[in-house]
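# Results of the structural survey
Listed here are the chains, written in short residue letters.
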Amino acid sequence: MALGAAALMIGASTAGLRINYTASAPRGLWIERSIDNPVLQRGMLVSICPPPQPVVHAIVERGLLPVGNCPDTQVAPLLKSIAAIPGDRIKLQHGSPAIINGVPLPNTSALPSMPAWADGEYLVQPGQIWIFSSYSKRSFDSRYFGPVDSNAVRGEATPLLTTGDN
């Protein structure tokens, strides 16, 4: 039985299917499609490996992220929305939502119990993106680990069978 379940998971993964168990995006079955010529856009939902920042390693050590195949962190890729692309301006201030190009994003205030990225104003550099989940105020995203290399994007994610609002 366990062997059959493992074979099913491997086959599903090869087909680009993945199950999201976290509250950062609707829970359920998703399909991940690679992006041949990545033209990353604000609002695009992507599967992405988190950067190897100390806060990411601390969360991994606490067992709060599922084990996976991201090369520098050995966690499963995260499902997040791209909130900022090169040229965008980000403002972070503890206790307040992240502000992108003057617009606050709902549910993006860092939790007081977590080490957050430094307060300040940032200009997104070429080759970087910032990812946030306004879907869940408890999401683990750029409010804690800052910018992400755009090469860390694994693919675009599309819901197939999920619960909650997409």
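Here the structure is a predicted model, which is why all the values come from computation and not from measurement. (Residues numbered from 1 in each chain as written. Predicted model: local features only at pLDDT ≥ 70, side-chain atom pairs only at ≥ 80, totals over all residues. Heavy atoms only, no water.)

## Examining the overall build of the protein chain
- When helices and strands are tallied, the protein chain shows three helices and 11 strands.
- Traced from its N-terminal end to its C-terminal end, the protein chain shows the element sequence α-β-β-β-α-β-β-β-β-β-β-α-β-β.
- Per-residue burial for the protein chain yields a buried fraction of 39% across its 166 residues.
- When contacts within the protein chain are restricted to residue pairs at least 6 apart in sequence, long-range pairs at least 24 apart make up 67% of them.
- Carbon together with sulfur atoms contributes 58% to the accessible area of the protein chain, which is approximately 9,200 Å² in total. (Helix = DSSP H or I, 4+ residues; strand = E, 2+ residues; numbered from the N terminus. Buried < 20%, exposed > 50% of the residue type's maximum accessible area, 1.4 Å probe, protein only. Contact = heavy atoms within 4.5 Å. Areas by Shrake-Rupley, 256 points an atom, 1.4 Å probe, with all protein chains shown as cover.)

## Notes on the pairing of strand 2 (residues 27–33)
- Direction of pairing for strand 1 (residues 17–20) relative to strand 2: antiparallel, over a ladder of four bridges. Counted as the bridge partner of Ile 19 is Leu 29 from strand 2.
- If you look at the hairpin formed by strand 1 and strand 2, you'll find six residues sitting between the two strands.
- Taken together, the seven bridges between strand 2 and strand 11 (residues 153–163) define a ladder with antiparallel strand orientation. If you follow Leu 29 over to strand 11, its bridge partner there is Leu 161. (Pairing = 2+ DSSP bridges.)

## Quick word on the environment of Pro 54
- With respect to the secondary-structure elements, Pro 54 resides in helix 2 (residues 54–61).
- Residue class for Pro 54 comes out exposed when judged on its relative accessible area of 63%.
- Note: C-alpha distance between Pro 54 and Phe 145 (91 residues apart in sequence) is 8.4 Å.

## A short note on the sheet that holds strand 11
- Across the sheet, which stays open at both edges, the seven strands sit in the order 1-2-11-3-4-9-10 with antiparallel pairing between neighbours. If you trace the sheet from one side to the other, it starts and ends with strand 1 and strand 10 (148–149), each paired once.

## As for the sheet that holds strand 8 (residues 120–123)
- Across the sheet, four strands lie side by side as 7-6-5-8; this open sheet has antiparallel pairing. At either end of the open sheet lies a strand with only one pairing partner, and these are strand 7 (103–104) and strand 8.

## What about the side chain of Asp 141?
- If you trace the backbone, Asp 141 turns up in the loop between strand 9 (128–132) and helix 3 (142–145).
- Taking the relative accessible area as the measure of exposure, Asp 141 reaches 0% and is therefore buried.
- Among the polar contacts listed, one links the side chain of Asp 141 to the side chain of Arg 143, at a separation of 2.6 Å.
- Filtering out sequence-adjacent residues up to four positions away, Asp 141 remains in contact with Lys 80, Ile 131, Phe 132 and Ser 133. (Polar contact = N/O pair within 3.5 Å; in protein donor to acceptor, adjacent residues only side chain to side chain.)

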